[in-house]
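# Chains, contacts and geometry: an overview
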Amino acid sequence: MKTDAAFWLVLVGSVAQAVLLLIGLLGLARYRQLPQGLRYLVGLIWFGVALELASTLLHFWKIPNLLLLPLDAAGELWLLAAVYAWALQSAAFTRLWPWVAGGFAAYAALSSGLAPELARFKPGVLVLECLLVLGLVGLYFRKLLNELRVQSLADDPMFWVSTGLLLYSLAKLQIALFSNYMLAHYSMQLNQLMWAINAFMSIVLYLCYCRALWMRPQK
């Protein structure tokens, strides 16, 4: 069981990293044809590539990579908020989102400062991030139902982005809520298996990003 869980975590994680890099290259190739919001998405993808590289270097130096989680969460939320500000076209949201994203970044930094142990998992940051991302997705689907006119949902890039984020955030939220509990009451192997599932959901999210970047956005 130990070997199997560790093997799947490494395998699926490596595939997720490769898929992320390939989609980042696709984003660069299509950058000039993309609207502003999807250009922010390309920036988000390359932010993820940079963090994956940093995580690999920390692993090579035998330093726990959990210290990257607050930075990852804060940067990801900021860039996603920029994507959704473009999609929602709401003056109220445009005024509000820098304060929300900035407040979350401050909370993530404060959380790291109060609990600076590198090997300590900080679920509060990830739980709040998942809830805020789900809020962004909910705002988009609400606008889609009430205001937007889309002939086919499959032709709307933000539908794919939002669907991928919905699935990924729900899975990540469960892991963030119960990871420390599993470490305390169950085995490390089960915890590794859960993070392997999270890596698999990352692949699903990246493929949704790929679909959004590949298509020609509809007016």
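For the structure given in this document, a descriptive report is provided here. (Residues numbered from 1 in each chain as written. Predicted model: local features only at pLDDT ≥ 70, side-chain atom pairs only at ≥ 80, totals over all residues. Heavy atoms only, no water.)

## What about the overall build of the chain?
Counting its secondary structure elements, the chain contains seven helices and zero strands. Counting from the amino terminus, the chain carries its helices and strands in the arrangement α-α-α-α-α-α-α. Looking at the chain as a whole, 42% of its 219 residues are labelled buried. Put simply, 74% of the contacts in the chain that link residues at least 6 apart link residues at least 24 apart. (Helix = DSSP H or I, 4+ residues; strand = E, 2+ residues; numbered from the N terminus. Buried < 20%, exposed > 50% of the residue type's maximum accessible area, 1.4 Å probe, protein only. Contact = heavy atoms within 4.5 Å.)

## A look at the packing of aromatic side chains
Within this structure, the stated rule accounts for six aromatic pairs. Ring geometry for Tyr 84 against Tyr 140: centres 6.5 Å apart, planes inclined by 70°, an arrangement best described as edge-to-face. Remark: Tyr 140 occurs in helix H5 (residues 123–146) and Tyr 84 occurs in helix H3 (residues 68–88); sequence separation between them is 56 residues. Overall, Tyr 140 belongs to the buried group, its relative accessible area being 1%. With centroids separated by 6.3 Å and ring planes inclined at 80°, the aromatic side chains of Phe 141 and Phe 159 adopt a geometry described as edge-to-face. In this pair, Phe 141 sits in helix H5 while Phe 159 sits in helix H6 (residues 157–185), placing the two residues 18 residues apart along the sequence. Judged by its relative accessible area of 19%, Phe 159 falls in the buried class. (Phe/Tyr/Trp six-rings, centres within 6.5 Å; stacked < 30°, edge-to-face > 60°.)

## Some points on the environment of Asn 191
Position of Asn 191 relative to the elements: it lies in helix H7 (residues 188–214). Each C-alpha atom, one on Asn 191 and one on Phe 178, is 9.3 Å from the other, the two residues being 13 residues apart in sequence.

## A look at the side chain of Arg 30
Within the secondary structure, Arg 30 is located in the loop between helix H1 (2–29) and helix H2 (36–60). Although Arg 30 is buried, it forms no salt bridge, and the closest oppositely charged side chain is Asp 155 at an N-O distance of 12 Å. Engagement of the side chain of Arg 30 in a polar contact is seen with the backbone oxygen of Met 215, the distance being 3.0 Å. Setting aside anything within four residues of it in sequence, one finds Arg 30 in contact with Leu 213, Trp 214, Met 215 and Arg 216. (Lys, Arg positive; Asp, Glu negative; His and termini not counted. Salt bridge = Lys/Arg side-chain N within 4 Å of Asp/Glu carboxyl O. Polar contact = N/O pair within 3.5 Å; in protein donor to acceptor, adjacent residues only side chain to side chain.)

## What to know about empty space enclosed by the protein
Tallied over the entire structure, the rule returns one cavity of 30 Å³ or more. For the largest cavity, the full set of lining residues is Glu 76, Leu 80, Glu 129, Cys 130, Val 133, Leu 165, Tyr 168, Ser 169 and Lys 172. Within the residue set of the lining of the largest cavity, elements represented by two or more residues are H3, H5 and H6. No other element matches the four residues that H6 contributes to the lining of the largest cavity. Of the residues in the lining of the largest cavity, the class split is five nonpolar, one polar and three charged. (1 Å grid on protein atoms, 1.4 Å probe; cavity = no way out; pocket = protein on both sides within 12 Å on 5 of 7 lines; lining within 4 Å. Points joined across faces, edges and corners; volume = space filled by probe spheres on them. Nonpolar A, V, L, I, M, F, W, Y, C, P; charged D, E, K, R; others polar.)

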